[in-house]
Amino acid sequence: CAALTSVTFAKNGNLKSIGKGCFGSCKLLTEIVLPNTVETISNGAFYNCTVITALNIPDSVTTIGVSAFSYCSKLTSVSIGNSVTTIGEDAFYYCSNLVSVELPAALTSIGEEAFRGCSSLTAVTIQEGVTSIGDRAFNGCPSLTTITIPEGVTSIGYDAFRGCSSLTSIVIPEGVTSIGEEAFCGCSSLKSITIPESVKTIHDNAFLYCIGLTSVTSLNPTPPTCGTDVFGIVNVGNITLEVPAESVSLYQSAQTWKDFGTIK
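Residues numbered from 1 in each chain as written. Predicted model: local features only at pLDDT ≥ 70, side-chain atom pairs only at ≥ 80, totals over all residues. Heavy atoms only, no water.

Colleague: How should the overall build of the chain be read in this particular structure?
Modeller: When helices and strands are tallied, the chain shows one helix and 22 strands. Along the longest, intermediate and shortest principal axes, the C-alpha atoms of the chain span 70 × 25 × 20 Å. Out of the 264 residues in the chain, the part that is buried amounts to 48%. Residue pairs at least 24 apart in sequence account for 30% of intrachain contacts in the chain once pairs closer than 6 positions are excluded. Of the roughly 10900 Å² that the chain leaves accessible, carbon and sulfur atoms contribute 48%. (Helix = DSSP H or I, 4+ residues; strand = E, 2+ residues; numbered from the N terminus. Buried < 20%, exposed > 50% of the residue type's maximum accessible area, 1.4 Å probe, protein only. Contact = heavy atoms within 4.5 Å. Areas by Shrake-Rupley, 256 points an atom, 1.4 Å probe, with all protein chains shown as cover.)

Okay, structure coming up:
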């Protein structure tokens, strides 16, 4: 489909699915209007459609497949319909001009590398239905300044926000039990972190190179178990750690936590 520039679907049709790789690498395709009968956008459906600039995914769609819009490098805005429950792996991988995205309330999972390499992405709103943020979901999004992680999320995956160098603060909601390896590695503008009581484990290098940190709050009366170099290359001796009043002595003797300069 090297010469294909636009696609129009019949308004009174009954199209349910955009098939696997259907419009993949249609590099002159500038416009696509999906009918409100489509329920599935399959794997690689619009992979490498490099000149599409805007996209409206109708409310009828429930699933966005693996690599559905990967490498749509001119895509600047996307409206995701309210019925989408699953965003597959690599769905918007390296959509490097995508600026913002609001994820629908029906969404329950964000796949691995779903928004990896979206280097222009500045803000993401994740609704309360999401329970997991996949490995490397927002890896390499250096323009991301704001991220809201809702209650209901139980795990933050490996490398989930690695390299989000403009992110300044993060509140991890109650319910998260583990923070993945290198989850916030390289978030060099991050100034403050609040870790909820529910977090039991923080894996290796989770906050490696978060050199802008000035304060950390941990709400768990029992110090979370830390892997290797959780705060590697961070001068924790100059950082204040706030913990529950009855737990100061526990943190003062716990691996990793005891290295903070002030614990109060």
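Colleague: Would you take a moment to explain the sheet that holds strand β19 (residues 215-218) for this structure?
Modeller: Sheets are built from strands paired through backbone hydrogen bonds, the pairs being either parallel or antiparallel. In spatial order, the strands read β15-β17-β19-β21-β22; together these five strands make up an open sheet with parallel pairing. Looking at strand neighbours, the two that pair on one side only are β15 (169-171) and β22 (262-263), the edges of this open sheet. Taken together, the three bridges between β19 and strand β21 (residues 240-242) define a ladder with parallel strand orientation. Counterpart to Val216 in the pairing with β21 is Leu241. (Pairing = 2+ DSSP bridges.)

Colleague: Sorry, what's going on with the packing of aromatic side chains here?
Modeller: The geometry of an aromatic ring pair comes down to the distance between the two centres and the angle between the two planes. Within this structure, the stated rule accounts for 17 aromatic pairs. For the ring pair Phe115 and Phe138, a centre distance of 5.3 Å and an interplane angle of 0° mean the geometry is stacked. Here Phe138 lies in the loop between β12 (132-133) and β13 (146-148) and Phe115 lies in the loop between β10 (109-110) and β11 (123-125), a separation of 23 residues in the sequence. Across this residue pair, the class does not change: Phe115 and Phe138 are buried. Note on Phe161 and Phe184: the rings are 5.3 Å apart at their centroids and 5° apart in plane angle, and the pair reads as stacked. Taken together, the positions of Phe161 in the loop between β14 (155-156) and β15 and Phe184 in the loop between β16 (178-179) and β17 (192-195) put the pair 23 residues apart, joining distant regions of the chain. You'll find Phe161 and Phe184 in the same group, each marked buried. (Phe/Tyr/Trp six-rings, centres within 6.5 Å; stacked < 30°, edge-to-face > 60°.)

Colleague: Just to check I follow, could you spell out the sheet that holds β16 for this structure?
Modeller: Pairing within the open sheet is parallel, and its 10 strands lie in the order β2-β4-β6-β8-β10-β12-β14-β16-β18-β20. Unpaired on one side and paired on the other, β2 (17-18) and β20 (225-226) mark the two borders of the sheet.

Colleague: Just to check I follow, could you spell out the environment of Ile193 for this structure?
Modeller: Mapped onto the elements, Ile193 comes out in strand β17. Judged by its relative accessible area of 2%, Ile193 falls in the buried class. Separated by 22 residues in the primary sequence, Ile193 and Val171 have C-alpha atoms spaced 6.1 Å apart. Leave out the neighbours within four places in its chain, and Ile193 touches Ile170, Ile172, Phe207, Leu213, Ser215, Val216, Thr217 and Phe231.

Colleague: Honestly, unusual backbone geometry in this entry has me stumped. Any pointers?
Modeller: In most cases, non-glycine residues show a negative phi, while peptide bonds are predominantly trans. Despite not being glycine, Glu113 has its phi angle at roughly 60°, a positive value. Along the chain, Glu113 falls in the loop between β10 and β11. A relative accessible area of 14% places Glu113 in the buried class.

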